[in-house]
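Structural overview
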Amino acid sequence: MSVLITAAMDALADRLADHTERPVTTDPSRVSATPCVLVEPPQVEPTGTLCGAQLYRFTVLCIGLPGARAELAPLADLLEEITGALDDLGIGWTLAEPVAYVPLQDAAAADPCQAYRITVEEMD
């Protein structure tokens, strides 16, 4: 199962990377200081069908910079790119909500990064 999960994460990250010039990663230790995208491990749910398909519910984080409202513009641009890519790829997303994100390497930083958490669903 772990191979399927990591392969699904990598596949989603690769498809999103084709639609933005910003970094896209599945590794939280590689979140950069510039606006970037992080694909987190999915929740996995059985679909109840005979074919054994599963629903993967991902969290995709569009991560901006810490600081003032002026830093929101690059994040908004990245969010638009990623939600547009999801639409173009036919990948279902249900919610994009603002959140605070503290990168692992900057855990002692005073200000968290501005971010959007997007809920994405895919069948396998």
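Within any chain, residue numbers begin from 1 and follow the written order of that chain's sequence. Local features are withheld for residues below a pLDDT of 70 in this predicted model, meaning they are given only at 70 or higher, and side-chain atom pairs are given and counted only at 80 or more; totals for whole chains, interfaces and linings count all residues. Side-chain metrics rest on all non-hydrogen atoms present in the structure, leaving aside hydrogens and water.

Some thoughts on the overall build of the protein
The cut-off we apply is this: Note on conventions: DSSP H or I runs of at least 4 residues are helices, E runs of at least 2 residues are strands, and numbering of each starts at the N terminus. Only protein chains enter the accessibility calculation, which uses a 1.4 Å probe; a residue is then buried when its area is under 20% of its type maximum, exposed when over 50%, and partly exposed in between. The contact definition used throughout considers only heavy atoms, calling two residues in contact when any of these lie within 4.5 Å.
Broken down by element type, the protein carries two helices and six strands. Secondary structure elements of the protein, listed N to C terminal, follow the sequence α-β-β-β-β-α-β-β. Counting over 124 residues, the protein shows a buried share of 35%. A fraction of 61% describes how many contacts in the protein between residues 6 or more apart in sequence connect residues 24 or more apart.

Some points on the nonpolar core
Basically, it comes down to this: For the purposes of this section, nonpolar cores are sets of buried Ala, Val, Leu, Ile, Met, Phe, Trp, Tyr and Cys residues that join through side-chain atoms within 4.5 Å.
Grouped together as the largest cluster of nonpolar side chains are 21 residues, with contacts concentrated most on Leu12, Val60 and Ile82. For this core, the secondary-structure elements that each account for two or more residues are α1 (2–17), β2 (36–39), β4 (54–66), α2 (72–89) and β6 (113–123). Not counting residues up to four positions away in its chain, the partners in contact with Leu12 are Val39, Phe58, Val60, Leu86, Ile91, Val120 and Glu122.

A few points about the packing of aromatic side chains
To keep things clear, this is the line we draw: Centres within 6.5 Å are what make two rings of Phe, Tyr or Trp a pair, Trp counting through its six-membered ring; a difference in plane orientation under 30 degrees is then read as stacked, over 60 as edge-to-face, and the rest as tilted.
Counting across every chain of the model gives one aromatic pair. Both rings, one in Tyr56 and one in Phe58, keep their centres 6.2 Å apart while their planes meet at 20°; by these two values the pair is stacked. Summarising the burial analysis for this pair, Tyr56 and Phe58 share the class buried.

Here we look at the environment of Pro103
Tracing the chain through its elements places Pro103 in the loop between β5 (92–101) and β6. Classification of Pro103 as buried rests on a relative accessible area of 6%. Not counting chain neighbours up to four residues away, the residues in contact with Pro103 comprise Val31 and Cys113.

Thoughts on the pairing of β2
Here is the rule: We treat two strands as partners when DSSP finds at least two bridges between them.
Burial along β2 is two-sided: Cys36 and Leu38 and Val37 and Val39, pointing in opposite directions, are all buried. Of the pairings in the sheet, the one linking strand β1 (residues 24–25) to β2 comprises two bridges and is parallel in character. Within β2, the residue paired with Thr25 across the bridge is Leu38. Relative to β4, β2 runs antiparallel, the two being bridged by four bridges.

Remarks on the pattern of salt bridges
Inclusion rule: Just to be clear on terms, a salt bridge is a Lys or Arg side-chain nitrogen sitting within 4 Å of an Asp or Glu carboxyl oxygen.
Going through the model one piece at a time under the given rule, you end up with four salt bridges. Residue Glu121 is joined to Arg57 by a salt bridge in which the shortest nitrogen-to-oxygen separation is 2.8 Å. In this pair, Glu121 is assigned in strand β6 and Arg57 in strand β4, connecting sequence segments 64 residues apart. For Arg57, a relative accessible area of 22% puts it in the partly exposed group. Residue Arg117 pairs with Glu97 through a salt bridge whose shortest N-O separation is 3.1 Å.

Points about a negative patch on the surface
Our working rule: Grouping into patches uses exposed residues only, defined as over 30% relative accessible area, and leaves out salt-bridged ones; the cut-off is 9 Å for like charges and 5 Å for nonpolar side chains (Val, Leu, Ile, Met, Phe, Trp, Tyr). Calculation of accessible area relied on Shrake-Rupley with a 1.4 Å probe; when residues are assessed, cover is drawn exclusively from the protein chains displayed. In this count, Lys and Arg are taken as positive residues and Asp and Glu as negative ones, while His and the chain termini are left out. We put the charge of a Lys on NZ, of an Arg on CZ, of an Asp on CG and of a Glu on CD.
A contiguous patch of negative charge, built from Glu21, Asp77, Glu80 and Glu81, is present on the exposed surface. Mapped onto the fold, Glu21 is located in the loop between α1 and β1.

Focus on the environment of Pro66
Relative to the helices and strands, Pro66 is located in strand β4. Spatially, the C-alpha atom of Pro66 lies 5.5 Å from that of Pro112, the residues being 46 residues apart in sequence. Setting aside residues up to four positions removed in sequence, Pro66 forms contacts with Glu71, Asp111, Pro112 and Cys113.

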